[in-house]
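If you want the building blocks of each chain, they are given just below.
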Amino acid sequence: SSAWVQGKYGTALSFDGTDDYVDIGDTSQTSVKTISFWLKADDITSRKIIDIDGTDQVEIDSSSQITATSFPGTITYYLNGMAGSRTLTADTWYHVAITDTSGVNASNMDIGRVSTSYFDGLIDDVRIYNYARTPQQILLDYNMGLSAHFK
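Described below are features of the structure shown in this document. (Residues numbered from 1 in each chain as written. Predicted model: local features only at pLDDT ≥ 70, side-chain atom pairs only at ≥ 80, totals over all residues. Heavy atoms only, no water.)

One open sheet holds the seven strands; their spatial order is E1-E2-E14-E4-E10-E8-E9, and the pairing between them is antiparallel. Since the sheet does not close on itself, it has two edges, and those belong to strand E1 (3-6) and strand E9 (82-83), each with one partner. Of the pairings in the sheet, the one linking strand E4 (residues 29-41) to strand E10 (residues 93-106) comprises nine bridges and is antiparallel in character. When the bridges of E10 are listed, Phe-37 appears paired with Val-96. (Pairing = 2+ DSSP bridges. Helix = DSSP H or I, 4+ residues; strand = E, 2+ residues; numbered from the N terminus.)

Encoded structure:
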């Protein structure tokens with residue numbers, strides 16, 4: 001029941017934080033080492049964003065930081081093309097990329113929901129990769145989004 005609205009790349013999905021989500025199901029990706037997406041959160045306190053397999057998930061924690069829960073390897077977080085900072089501000093577009101050295105199995109993927117917790121805001125251009133993208137590749141993705149936004 002999520003709605004299509006103006007996003008970072010044309011349109012994005014709008015989630016109401018109550019019951020909206022997209023059930024991707026089994027992606028057949030057995031070793032996801034990078035997940036990236038654009039997000040604009042209305043609520044930045046303890047919100048679930050993406051469920052990868054029922055255990056591994058991406059969320060906003062109680063400190064308004066992006067976090068990858070239960071990822072098995074060494075995790076690197078990128079916000080707006082830069083490694084390090086993970087703190088979000090409400091109503092602001094962010095390019096989020098998370099790399100993991102071990103990889104997770106995207107066997108039952110949901111966007112906008114983890115279990116009974118839901119995301120409140122916009123999500124655009126979700127991508128998963130079976131390799132850890134380099135900092136240069138992630139920065140390029142971020143810069144492409146800026147170009148699309150200002151056209």
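Taken in spatial order, the five strands make up an open sheet running E3-E11-E5-E6-E7, and their pairing is antiparallel. Strands with a single pairing partner mark the edges of an open sheet, and in this sheet they are strand E3 (22-25) and strand E7 (66-69). Ignoring which end each strand starts from, the neighbouring axes of this sheet average 30° apart. Alignment of strand E5 (residues 47-51) against strand E11 (residues 109-111), held across two bridges, turns out to be antiparallel. (Axes fitted to C-alpha atoms, helices over the stretch in contact; angles between N-to-C directions.)

On to the nonpolar core, then. Counting 28 residues, the largest nonpolar core has Phe-37, Leu-39, Ile-49, Ile-50, Val-58, Ile-66 and Ile-98 as the members making the most contacts within it. Of all the elements in the fold, those that place two or more residues in this core are strand E2 (11-16), E4, E5, strand E6 (57-60), E7, strand E8 (75-79), E10 and E11. Setting aside its immediate chain neighbours within four residues, Ile-98 contacts Lys-33, Thr-34, Ile-35, Val-58, Ile-66, Ala-68, Phe-71, Ile-75, Thr-76 and Tyr-77. Counting five residues, the second largest nonpolar core, distinct from the first, contains Ala-12, Trp-38, Trp-93 and Tyr-142. (Core = buried A, V, L, I, M, F, W, Y, C linked by side-chain atoms within 4.5 Å. Buried < 20%, exposed > 50% of the residue type's maximum accessible area, 1.4 Å probe, protein only. Contact = heavy atoms within 4.5 Å.)

Enumeration over the complete set of coordinates arrives at four aromatic pairs. Taking the centre distance of 5.9 Å and the plane angle of 25° together, the rings of Trp-38 and Tyr-142 count as stacked. Residue Trp-38 is located in strand E4, and its partner Tyr-142 is located in helix H1 (residues 135-149); the two are separated by 104 residues in the primary sequence. We note Arg-113 situated over the ring of Tyr-21; from NZ or CZ to the ring centre the distance is 3.7 Å. Note that Arg-133 overlies the ring of Tyr-129, its terminal NZ or CZ placed 4.4 Å from the centroid. (Phe/Tyr/Trp six-rings, centres within 6.5 Å; stacked < 30°, edge-to-face > 60°. Lys NZ or Arg CZ within 6 Å of the ring centre and 35° of its normal.)

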